[in-house]
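# Examining the three-dimensional arrangement
Each chain is listed here by its residues.
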Amino acid sequence: MSNGGMIRDILQQIKEHRLEAREGLRRINELKKQERTAAAAQLEPTQESVEELVKEVLCRVVKLQPEEISDELSFKEMGIDSISSVEIVRDLNEALRLQLDGILLYDYPTIPELARYMVHEVQKNSIPDIPGPLSRVQAAAEKVPESSSEAEAARSLRLNHRYEYMNDLIDQFSQHKPAAAPSAPITVTPVKHEAGPSREPVKAPAVQASLPAIPQVSGAPKLRLQTGANSMAPAAPAAEAEAAGKIKLGFSTAARNAKEPAAAAPKAAFSSPPAAAPATASAAVPEGIAIVGLSGRFPGAATARELWRNLRDGVSSTGEVPGSRFDIRAWYDEDRKADQKTYCTVAGLLEQVDEFDPLFFNISPKEAEIMDPQQRIFLQEAWNALEDAGYSDQAVQNTRCGVFVGCAPSDYTKHLEANHLSNTSEAFTGTSSSILAARISYFLNLKGPSISLDTACSSSLVAVHQACASLWNGECDMALAGGIRLMITPDSMVQSSQMEILSAEGVCRPFDQAADGTLLSEGAGVVVLKPLKQAIENRDHIYGLIRGSGVNQDGRTNGITAPNVNSQIQLERTVYERFGIDPAEINYVEAHGTGTSLGDPIEVKALTEAFRSFTQDSQYCALGSVKANIGHATMAAGVAGMIKILLSLKHRQIPPLIHHTRLNEKIRLEGSPFYINRELVDWPENKRGSRMAAISGFGFSGTNCHLVIEEYRSSAI
C-alpha cells in the first residue's frame, strides 16, 4: 500500500474511533518523514542518503529500533528473514523507482553494501525529464496495490535461507504471490520388474515409475551370505568357484553383465608418461582432460545404460519409500511445521544396497558387514568404471592413479549403535569417510592422491575438479573421480522436511511454476580421467573432454546457507576466461536445478549474465536437470549430471526435461541464450562443428563448482 493510501486508512480509523488521534498523527508524521527520506535519496542518491532510506525501511518493516541497526551486522544477524526481505526490497524499489530482485539482501548482506549497489543502480537508470521523486514514488506505489489476503498469504510462508532449498519463493513483488494450496502426499504403489537385467533398451511404460520393491529386511541392511558361482572375479570359472566353496554376499554377476561393454580392448598395462618434469597447467589445459570410462548406479538404473534409457524415455524413478528400507509412514505428518516429522514420503532409492562380494575385494565377511554400504558400493562402481575404460586391476597396479570422492558420513552408524557394534575396530575404519576413498587405492595399490571431500550438494563435481587439477599439476597420471550418497535411515528426509526444502507433492519440477521443492535420492557414479595426450597415446575410448573447471565460495552472505548470485556469475565467467571457452559454443547446460522457487531463478540469472559477457545470441542453449528424473542425489548429484551429459554426447541426443509445463514466472528466458527442452531431440552441432555442455553444482555450504565438457572428435586433434 502506498503512503498516501496508508494515510487515508489512518484518517479513516481516527474518524471511526478505532485509533486515537494522537497515535494517528504520530503515524502520519512518520509516513511523511519516510517520504522526505525517499525523496532526498532520489534527488541526491549518495551513499549516506540511501543508507538512511534503508534504515527507515528496516524500522518500518521489521519494527527495529534505530539502536538495533548496525552497519557491521548482516541483515540475517539483525533478524531479517526471507519474507521481510521481500517487503524491504519492494519498498526500496518503490522509493527509488528500481526493479530489483527480492533476493537482493542475500547478495548485499549489510546496509553499506546494499546502499552502495542501489546508488549505482539509481545513477545507471536515471532518466531526465520525469516527474518529481515524491510523485513518482506515489504513482509507482499506487500502481501496485496490495490486498490484505495476499499479504497474509505471503507472511504465512515459512522460507529457508539457502539457495535451492526453498518451497515458495520470495517474489519480486510479494503481493502477486497467491497462497499455495495444500497438496496431499503422493502414494506410489511399487511395481514388480522382471527378474534380470535386459541387454536391449526397453521403453519404460510410464513417466512416473514406482520404486521396485527392495528385498525385505529388518533393521540394518543384511548381507546375504551365499556359496556359489556368483563371484565378481572374471578369471575363475563358475565350476571352480563353486568347488572351492567361495563365500559370497549376494553380489550377482547379472548386474555386471548388464554394464556397458568396454569400448576398447582391455589394456595389458597402463602406460604412464615418462617420469620427467610434471605437466604444467598451462600445457595441459588447452588439450583438456579426457573421460575414458564411467559407471553409475542411480534410482531405477543399475547401470549407465539403464540410466540413459530412462532419461531418453522421460521416466521418473522416484517413488514412496518402501517399508523394507525404513518405515517412512511412522515419521509422516502432513503438517509442514510438525516437529521432527516429514511431510514428504517420496525419494529415489537404489536397489540391493545390502549385497556385496567381500572376498572379491579381499575383505572378510565380518568386516564387510560392519562397513558403511557407501564404501562397498563405491568399491564396486570404481572397479566397474575401470573395466569400462578397458583396464584390468593388474594394469593399474602401482601407478600414479588418484582417487577423488565426494561423500559424507553415513547414518549407517545408527544401525551399528543399535546392535552394539559401533565401538569395534571394523567400525573405526568402516564408517570413516577418509577410508572410503582409500579402499580402492589400497585394493589396487594406487599411488596417486586419495581424497574424500564434502562440500554438500557440489561434492562430486568438486571431486572431479580436484582430479582435473591434480592431473594438470602432474600429481597423478590417471584419476577416478565421483561421489556416492545413501540414506539408510529416515534422518535426511526428516531434517530436510524441517527446513521445508522437500516437495509436498512428491515431484521434482526444475524451472516450473508449480515447483514446490526437491526430492532426496541416492546415487553412486565414477568417471575415469586422463590427460588427453596420454589417452590418445594409450588408444583409450574417449567419452568427452573436460575443457575447463573452477570452484569458488559464496563467502559472507545473508546467513551461512544463503546464496550469492554474484559468486555464481564470477565463477562461470572465470572458467570461460581462464580456459578460453566461448559460451556461444555451449549449447546445453545441465543445471543444478533442484526444483525450488528461489534456487532455479538465481541459477538462470547467473548463467544469463555470465553468457552475456561473451555473446548476445539468443535461444540456442537448452536447459535440463537430471534431478527431475532421479531426484537430488546430494553428494552424487554432480557426477549424475555429468554422466547424463556424457551419455547424451554418445547418443548425440538431448533428453527431455520432464515435469515441466509452465516456466517459473521469476525466470526470464525471452532474449536470453536459454530455452527449456521438453522432448527428446537431436543435439545440434555448435559453430565449431562439435557439441559442448556446461554443468554446475552449488552446495548449501556455499561451495560452487562449474565444468565445461566438449564432445571428442579425433579429427580436431
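In every chain, residue numbers begin from 1 and rise along the written sequence. For this predicted model, a pLDDT threshold of at least 70 governs which residues receive local features, and a threshold of 80 or more governs which side-chain atom pairs are given and counted, while totals over whole chains, interfaces and linings are taken from all residues. The basis for every side-chain value is the complete set of heavy atoms in the structure, and neither hydrogens nor water enter the calculation.

This part is about the overall build of the chain. Note on conventions: DSSP H or I runs of at least 4 residues are helices, E runs of at least 2 residues are strands, and numbering of each starts at the N terminus. Each helix and strand in the chain was counted, giving 25 helices and 17 strands. Classification of the 717 residues of the chain by burial places 59% in the buried group. Contacts: residue pairs with any heavy atoms within 4.5 Å of one another. Across the chain, the fraction of contacts at a sequence separation of at least 24, relative to all contacts at a separation of at least 6, is 78%. When the accessible area of the chain is evaluated, it comes to approximately 28,900 Å², of which 51% is carbon and sulfur surface. Each residue is placed in one exposure class: buried if its accessible area under a 1.4 Å probe, protein chains only, is under 20% of its type's maximum, exposed if it is over 50%, and partly exposed if it falls in between. The Shrake-Rupley method, run with a 1.4 Å probe sphere, supplies the accessible areas, and residue values consider only the shown protein chains as cover.

It is worth spelling out the nonpolar core at this point. Among buried residues, the Ala, Val, Leu, Ile, Met, Phe, Trp, Tyr and Cys ones that are joined through side-chain atoms within 4.5 Å form a nonpolar core. Membership of the largest hydrophobic core comes to 74 residues, with the highest contact counts inside it found for Val 527, Leu 529, Ile 546, Ile 586 and Val 589. Beyond its immediate stretch of four places on either side in the chain, Ile 546 contacts Gly 288, Ile 289, Ile 291, Val 464, Cys 468, Leu 529, Met 642, Leu 707, Val 708 and Ile 709. Judged by nonpolar contacts, the second largest core, of 47 residues, contains Phe 360, Phe 378, Ala 389 and Val 528.

Here, a strand pair is defined by DSSP locating no fewer than two bridges between the strands. Pairing is mixed across the open sheet formed by eleven strands, whose spatial order is S7-S6-S8-S9-S3-S10-S17-S16-S11-S12-S14. Of all the strands in the sheet, just strand S7 (450–453) and strand S14 (674–676) have a single pairing partner and so form its edges. Sheet twist, expressed as the average angle between the axes of neighbouring strands with direction ignored, equals 25°. In this sheet, strand S9 (residues 523–531) lies alongside strand S3 (residues 289–297) in antiparallel orientation, the contact comprising eight bridges. In the strand pairing of S9, Gly 296 is matched with Gly 525. A fitted line through C-alpha atoms represents every axis, and for helices the fit uses only the stretch in contact; the resulting angles, taken between N-to-C directions, go from 0 to 180 degrees. Across the sheet, helix H14 (residues 373–389) is in contact with S3, strand S6 (401–406), strand S8 (478–485) and S9; its angle to S3 comes to roughly 135°. Helix H18 (residues 433–444) contacts S6, S7 and S8 of the sheet and is inclined by roughly 145° relative to S7.

The next point concerns unusual backbone geometry. For Asn 362, which is not a glycine, the phi torsion comes out positive at approximately 60°. Assignment of secondary structure puts Asn 362 in the loop between strand S5 (346–347) and helix H13 (365–370). The exposure class of Asn 362 is exposed, given its relative accessible area of 68%. Phi is positive for His 659, which is not a glycine, with a value near 65°. With respect to the element layout, His 659 can be found in the loop between strand S13 (653–654) and S14.

This part covers the packing of helix H22 (residues 565–578) against helix H23 (residues 599–612). Between H22 and H23, the shortest axis-to-axis distance is 8 Å and the interhelical angle comes to 40°. By the angle class used here, H22 and H23 are oblique. Between H22 and H23 the crossing geometry is right-handed. Side by side, H22 and H23 meet where Val 565, Gln 568, Ile 569, Glu 572, Arg 573 and Tyr 576 of the first sit next to Ile 602, Glu 603, Lys 605, Ala 606, Leu 607, Glu 609, Ala 610 and Phe 611 of the second. Throughout this entry, Asp, Glu, Lys and Arg are counted as charged residues, while Ala, Val, Leu, Ile, Met, Phe, Trp, Tyr, Cys and Pro are counted as nonpolar. The remaining residues, Gly among them, count as polar. By residue class, the composition of the contact of H22 with H23 is eight nonpolar, one polar and five charged. When describing relative orientation, an angle under 35 degrees is termed roughly parallel and one over 145 degrees roughly antiparallel, while 65 to 115 degrees is termed roughly perpendicular and anything else oblique. By convention, the crossing between two helices is left-handed when the near helix turns anticlockwise from the far helix through less than a right angle, and right-handed when the turn is clockwise.

Before going further, it helps to spend a moment on the environment of Glu 68. By the secondary structure assignment, Glu 68 is in the loop between helix H3 (47–62) and helix H4 (82–96). Classification of Glu 68 by relative accessible area gives partly exposed; the value is 42%. Dropping the residues within four chain positions of it, Glu 68 is found in contact with Lys 63 and Met 78. Of the polar contacts made by the side chain of Glu 68, one reaches the backbone nitrogen of Gln 65; its length is 2.7 Å. Between N or O atoms, a polar contact is any pair within 3.5 Å; within protein, one atom must be a potential hydrogen donor and the other a potential acceptor, and residues adjacent in sequence are included only when both atoms are from side chains.

Moving on to the pairing of strand S17 (residues 703–710). For S17, the tally of buried residues reaches eight of eight residues, placing the bulk of the element in the interior. Of the two faces of S17, both are covered, the one formed by Thr 703, Cys 705, Leu 707 and Ile 709 as well as the one formed by Asn 704, His 706, Val 708 and Glu 710. As paired elements, strand S10 (residues 544–553) and S17 share eight bridges and run antiparallel to each other. Bridging from a neighbouring strand, Ile 546 pairs with Ile 709 of S17.

This part takes up helix H25 (residues 637–651). A helix's residues, less one, multiplied by 1.5 Å, set its expected span. Over its 15 residues, H25 runs 21 Å from end to end, which matches the ideal 21 Å to within 8%, given 1.5 Å per residue. At the C-terminal side of H25, Arg 652 shows a positive phi close to 55°.

This paragraph deals with the packing of aromatic side chains. Aromatic pairing here means that ring centres of Phe, Tyr or Trp (its six-membered ring) are within 6.5 Å. Orientation follows from the plane angle: under 30 degrees is stacked, over 60 is edge-to-face, and everything else is tilted. Applying the stated criterion across every chain, the model contains twelve aromatic pairs. Relative to Phe 614, the ring of Tyr 576 has its centre 5.8 Å away and its plane inclined at 85°; by these criteria the two rings are edge-to-face. Taken together, the residues Tyr 576 in helix H22 and Phe 614 in the loop between H23 and strand S12 (621–624) connect sequence positions 38 residues apart. The exposure class of Phe 614 is partly exposed, given its relative accessible area of 31%. Put simply, the rings of Phe 356, Phe 360, Phe 361, Trp 383 and Phe 443 touch in pairs and so form one group of aromatic residues. Criterion for a charge above a ring: Arg CZ or Lys NZ at most 6 Å from the ring centre, at most 35 degrees from the ring normal. Residue placement shows Arg 329 over the ring face of Tyr 332; its charged tip is 4.9 Å from the ring centre. Positioned over the ring face of Tyr 343 is Arg 336, at 4.4 Å from the centre of the ring.

Another aspect to go through is the confidence of the model for the chain. Scored from 0 to 100, pLDDT reflects the predictor's confidence in each residue. On average, residues of the chain carry a pLDDT of 80, and 75% of them reach 70 or more. Confidence drops under pLDDT 50 across residues 127–266; counting only partners more than four residues distant or on other chains, this segment forms 303 contacts. Note on residues 274–284: pLDDT under 50 across the span, and nine contacts to partners over four residues away in sequence or across chains.

Below, the discussion takes up H14. Taking 1.5 Å per residue as the helical rise, H14 with its 17 residues ought to reach 24 Å, and the 24 Å between its terminal C-alpha atoms agrees with that figure. Counted residue by residue, H14 has 16 buried out of 17 residues, so it is predominantly covered. Measuring from the side-chain oxygen of the N-cap residue of H14 to the backbone nitrogen of Gln 374 gives 2.9 Å; that N-cap residue is Asp 372. Once H14 ends, the next one or two residues include Gly 390, with phi positive near 90°.

Any carboxyl oxygen of Asp or Glu that lies within 4 Å of a side-chain nitrogen of Lys or Arg is treated as forming a salt bridge with it. Under the defined criterion, the tally for this structure stands at 25 salt bridges. Linking Glu 320 and Arg 329 is a salt bridge whose minimum nitrogen-to-oxygen distance equals 3.1 Å. Here Glu 320 falls in the buried class, since its relative accessible area comes to 14%. Owing to a relative accessible area of 35%, Arg 329 belongs among the partly exposed residues under this scheme. Via salt bridges that share partners, Arg 652, Glu 685, Arg 691, Glu 711 and Arg 713 belong to a single interconnected network.

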